[in-house]
Structure formats: C-alpha cells, structure tokens
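# Architecture at a glance
One letter stands for each residue in the lines below.
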Amino acid sequence: MVRRPVAWIVAVVLFVEAFGVAALNWLLGTVVDNQQMSLAGLDPDMMSVSSKVGGLVFGAYFGLCGVVALLVALRDRSPAGLGRILLISVAVVHALLGAFAWGLVGWTAFLTMVVVMTLVVLLLMTYDRQNGTTAAAQGPEDGTGGAGDAGGTGESGSPAKGNGGSPLTPPPTPSTL
C-alpha cells in the first residue's frame, strides 16, 4: 500500500524542513548581528535574537510534526488527538507558505510547498479510509440513518415522528407500518 511510504516521506521532508528553517533563520540572525542592520530604527540585537528564536521555534514545530509522521509510519496507524491536529496545522501552514511563495519567490517555491501539503493531506486521508471513517458516514447496511440523518431527527431538528420520539431508534420501515 501507499500509506507507510507516504508517512516515511512526510517524516523525512518535515525533518529536513525543520533543520532548514532553523538554519536559515540562524544564518539571517547572524548576518543582521554582524552587519548591525536596522529596519525602521529597530534595535539590531533584538532583530538578531528574534530571528534566531523564531527559527528555532518554527524548526521545533516542523520537527514535532515530523515526529508525529514518523510515529504514524512506525505504528502504521492513523494519528489521533494532538498528532492529528499538528498534521492538519502543518498542511495549512504549507498552503499559506505556498500562497506567499507564489508572489514573493516564484512558482517553484509554490510548487514545493504544494507538494509537501499534498503529501501531508494524503497521509491523513489514506489512514482515514483504512479505518472505516467513510463507511461510518454512509450509515447502516440498509441505507437508513446515514450522515444526513442526524440520529433520527427530522429536518427541523426534532425527533422523527413514528418511532416513539427516541433519537436512538431507527425510523420505521414500510414493512413494519
């Protein structure tokens, strides 16, 4: 299947990205510090320190998301809880970075961000399909009570008529009327 290789690729890409972001921001902070650059009168030391700290925080974030992807690859199970939230957030971050990269850097940077975002989304979606999330949304085998039927409630949100008012009992079939 494609699940485990995608999880391994996502983990490696996120670890490389974590190192690259941290190293790039550290380098930029060092350059600002050595040149004593200032932007609109800001303190050069503050700019240098904030660039380094921001790079380390962002690198740690990508690294943590890489750890989640690595755990998914090792366990061959869908991420849950905080891990799932981290992977969704890193996909959103890559979408936003791709949008900014299109205008500021060019289409190649945009394409890179979109490929990483696609890999993360593919990782999330392939494990959902395996765990039966799509089957649960379709409802029971007889086709009643699917995702659009909110637990036996009618369109107004009140319990459906004819089943005793209980939202847990399925609506009556024509054969039982």
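Residues numbered from 1 in each chain as written. Predicted model: local features only at pLDDT ≥ 70, side-chain atom pairs only at ≥ 80, totals over all residues. Heavy atoms only, no water.

### Looking at the overall build of the chain
Note the cut-off: Starting at the N terminus, helices and strands are each numbered in turn, a helix being any DSSP run of H or I of at least four residues and a strand any DSSP run of E of at least two. Burial status follows relative accessibility: with a 1.4 Å probe on protein chains alone, a residue under 20% of its type maximum counts as buried, one over 50% as exposed, and anything between as partly exposed. Between two residues, a contact is recorded if the distance between any of their heavy atoms is within 4.5 Å. Residue-level accessible areas treat just the shown protein chains as cover; the underlying method is Shrake-Rupley with a 1.4 Å probe.
In terms of regular secondary structure, the chain is built from 5 helices and 0 strands. The N-to-C order of helical and strand elements in the chain reads α-α-α-α-α. Within the span of the chain, comprising 177 residues, buried residues form 29% of the whole. Residue pairs in contact within the chain that sit at least 24 positions apart in sequence constitute 59% of those at least 6 positions apart. Here the chain displays about 11,200 Å² of accessible surface, and carbon together with sulfur accounts for 71% of that area.

### Looking at the packing of helix α2 (residues 44-75) against helix α3 (residues 82-104)
Note the threshold: Axes here refer to lines fitted to C-alpha atoms; in helices the fit is confined to the stretch in contact. Angles between the N-to-C directions go from 0 to 180 degrees. The scheme is simple: roughly parallel for angles under 35 degrees, roughly antiparallel for over 145, roughly perpendicular for 65 to 115, oblique for anything else. Less than a right angle of anticlockwise turn of the near helix away from the far helix marks a crossing as left-handed, whereas a clockwise turn marks it as right-handed. Gly falls in the polar group here, along with every residue not listed as nonpolar (Ala, Val, Leu, Ile, Met, Phe, Trp, Tyr, Cys, Pro) or charged (Asp, Glu, Lys, Arg).
Viewed as axis vectors pointing N to C, α2 and α3 meet at an angle of 125°, and their least axial separation amounts to 9 Å. As far as their axial angle goes, α3 and α2 are oblique. Relative to α3, α2 is oriented so that their crossing is left-handed. Note on element contacts: α3 touches α2 through G83, L86, L87, S89, V90, V93, H94 and L97, opposite F58, Y61, F62, L64, C65 and V68. Per-class residue counts for the contact of α2 with α3 are 11 nonpolar, 3 polar and no charged.

### A look at the nonpolar core
Operational definition: As used in this record, nonpolar core signifies buried Ala, Val, Leu, Ile, Met, Phe, Trp, Tyr and Cys residues forming a set joined through side-chain atoms within 4.5 Å.
V10, F62, L87, V90, V120 and L123 are the most contacted members of the largest nonpolar core, which totals 23 residues. Leave out the neighbours within four places in its chain, and F62 touches L14, E17, A18, V21, V90, V93, H94 and L97.

### Notes on the environment of V116
Locating V116 in the fold gives a position in helix α4 (residues 107-130). Look at V116 and you get buried, because its relative accessible area is 9%. Separated by 102 residues in sequence, V116 and L14 have C-alpha atoms that sit 8.6 Å apart. Leaving out residues up to four positions away in the same chain, V116 has contacts with V13, E17 and H94.

### Quick notes on the confidence of the model for the chain
Interpretation of the predicted coordinates at a detailed level should be avoided for regions scoring low in pLDDT. Worth spelling out the cut-off: The pLDDT value expresses, per residue, how confident the predictor is, ranging between 0 and 100.
Mean pLDDT over the chain: 80, with 72% of residues reaching 70 or higher. Low pLDDT, under 50, characterises residues 132-136; the predicted model gives this stretch 1 contact beyond four residues in sequence or across chains. Residue range residues 145-158 is modelled with pLDDT below 50. Its contacts to residues more than four positions away, or to other chains, number 17 contacts.

### Points about helix α1 (residues 3-35)
Applied cut-off: To estimate how far a helix should reach, multiply one less than its number of residues by 1.5 Å.
In a regular helix each residue adds 1.5 Å, so 33 residues correspond to 48 Å; α1 covers 48 Å between its end C-alpha atoms and thus fits that length. If you check which residues of α1 are buried, you get R3, V6, A7, V10, A11, L14, E17, A18, V21, A22, G29 and V32. Where α1 ends, the next residue or the one after it, Q36, has phi of about 55°, a positive value.

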